[in-house]
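# Architecture at a glance
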Amino acid sequence: MGLRAVLLGVLAFGLSAAVSAADPVVIRFSHVVAADTPKGKAAEKFKELAERYTEGAVIVEVHANSSLYKDKEEMEALQLGAVQLLAPSLAKFGQLGMREFEVFDLPYIFDGYEALNKVTQGPLGQQLLSRLEARGIKGLAFWDNGFKSFSANSPIRRPEDLRGKTMRIQSSKVLDEQMRALGALPMAMAFSEVYPALRAGVVDGTENPHSNLFTQNMHEVQKHVTLTEHGYLGYAVIANKRFWERLPADVRVRLERAMAESTAYANRIAKEENDRALEAVRAAGTTEIYEPSAQEKAAFKRALIPVHRTMEGRIGSELIRAIHRETGFDSSGH
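This one's a predicted model, so the numbers in the text were calculated from it and none came from an experiment.

### Notes on helix 14 (residues 317-327)
Within the sequence span of helix 14, burial applies to Leu319, Ile320, Ala322, Ile323 and Thr327. Down the axis of helix 14, the buried set is contained in an arc of 160°. They therefore lie on one face. In helix 14, the exposed positions angled more than 90 degrees off the buried face are occupied by Glu318 and Arg325. In the core, the buried residues of helix 14 are packed alongside helix 4 (113-120), helix 5 (123-130), helix 12 (306-310) and helix 13 (312-315). Residue Gly328 follows helix 14 closely and has a positive phi angle near 70°.

Here you go:
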């Protein structure tokens, strides 16, 4: 059932919790990662809770692993109403002109989940989500994936080890600048294309939370992973604003409850899933996992912190400083 049909159904029948399950509202929820990643599992949790709480008045169809839309297509599909729900990575909002969301791409801006949650679960995060409404998008929640590691087919011990390497990135000016600060050559590429590109040697390496690395089998074509935890990868769960606001209030309240509970679930399992994926990579025996010393991590941080200042004109110096204040960011590189 398309968006137009859904809206006509809403107008004609005044959907409520008592709507016949024979004429449910269908919510298409599209995402680009595997079903067994933190995002994939959270999407399934939302489906389960939404259908239970609305007593069949809503059906959620989850389309995982780019099976419906790829990276570059999904945002337009949401705005056109072809899908009703997405959970794109925060880097993608820069393509809509919402450059402030690229603050999440800044290297080492969050020193762990506690600092991150001060932003995503606090007033700053809510302010950012509310800004999406000008683009016809309703921001519902932030979902964690985790912190990223660098991978390549040669050892990565120092920032200089990435010099000259072609590194896959999401389409993000901040991530582009991050790689250039390391002397690497960034190549933006859809997530679904990364494994074949690594296998063919089109790119030398990438950066990912471990759950993405493992579930896409990238460890099979990457001999080295270094646990730099240099950047954060998270998602904003978003809806087509017109669709969301035309839902009757009682149905929307039930969906908001399902979203709140699936968000708590998503953020609870993110670290667990990444830890489990790292152990699975280790057990596969195809990839050497290197844990840098405090001094080695500090060297990466010193090399990458200048990106914060470089990106002030694009993201907004006030927002960057507000996050620094909120998290107690240490700009010394230690």
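### Thoughts on the packing of helix 4 against helix 14
Following both chains from N to C, one finds helix 4 and helix 14 inclined at 125°, their axes separated by 9 Å at the closest point. Taken together, the axes of helix 4 and helix 14 lie oblique to each other. Here helix 4 and helix 14 pass one another in a crossing that is right-handed. Across the interface between the two elements, Ala115, Lys118 and Val119 of helix 4 pack against Ile323, Glu326 and Thr327 of helix 14. Residue composition of the contact of helix 4 with helix 14, by class: 3 nonpolar, 1 polar and 2 charged.

### Examining the packing of aromatic side chains
Here the structure, examined in full by the defined rule, presents 10 aromatic pairs. Here the aromatic rings of Phe29 and Trp143 are separated by 6.2 Å at their centres, their planes lie at 40°, and the arrangement is tilted. Residue Phe29 is found in strand 1 (residues 25-30), and its partner Trp143 is found in strand 4 (residues 137-147); the two are separated by 114 residues along the sequence. For Phe29, a relative accessible area of 0% gives the class buried. Sitting over the ring of Tyr235, Lys39 keeps its end group 3.8 Å from the ring centre. Above the face of the Tyr265 ring, Lys45 is positioned so that its terminal group lies 5.0 Å from the ring centre.

### Notes on unusual backbone geometry
Despite not being glycine, Asn65 shows a phi value in the positive range, around 60°. Here Asn65 shows up in the loop between strand 2 (58-63) and helix 3 (71-80). Residue Asn65 is classed as partly exposed on the basis of its relative accessible area, which comes to 42%. The phi torsion at Tyr108 lies on the positive side, around 60°, for a residue other than glycine. By secondary structure assignment, the location of Tyr108 is in the loop between strand 3 (85-86) and helix 4. For Tyr108, a relative accessible area of 10% corresponds to the buried category.

### Observations concerning the nonpolar core
Formed by 47 residues in total, the largest nonpolar core has its most connected members in Phe29, Phe46, Leu85, Trp143, Val237 and Leu255. Those elements that provide at least two residues to this core are strand 1, helix 2 (38-53), strand 2, strand 4, helix 7 (194-200), strand 10 (232-240), helix 9 (241-246) and helix 10 (249-284). Tallying contributions element by element places helix 10 first for this core, with 9 residues. If sequence neighbours within four positions are ignored, Leu255 has contacts with Ile27, Phe46, Ala50, Thr54, Val58, Trp244 and Leu247.

About the cut-offs
- Residues numbered from 1 in each chain as written.
- Predicted model: local features only at pLDDT ≥ 70, side-chain atom pairs only at ≥ 80, totals over all residues.
- Heavy atoms only, no water.
- Buried < 20%, exposed > 50% of the residue type's maximum accessible area, 1.4 Å probe, protein only.
- Helix = DSSP H or I, 4+ residues; strand = E, 2+ residues; numbered from the N terminus.
- Arc of directions from axis to C-beta.
- Contact = heavy atoms within 4.5 Å.
- Axes fitted to C-alpha atoms, helices over the stretch in contact; angles between N-to-C directions.
- Parallel < 35°, antiparallel > 145°, perpendicular 65-115°, else oblique.
- Left-handed = near helix turned anticlockwise from the far one by under 90°.
- Nonpolar A, V, L, I, M, F, W, Y, C, P; charged D, E, K, R; others polar.
- Phe/Tyr/Trp six-rings, centres within 6.5 Å; stacked < 30°, edge-to-face > 60°.
- Lys NZ or Arg CZ within 6 Å of the ring centre and 35° of its normal.
- Core = buried A, V, L, I, M, F, W, Y, C linked by side-chain atoms within 4.5 Å.

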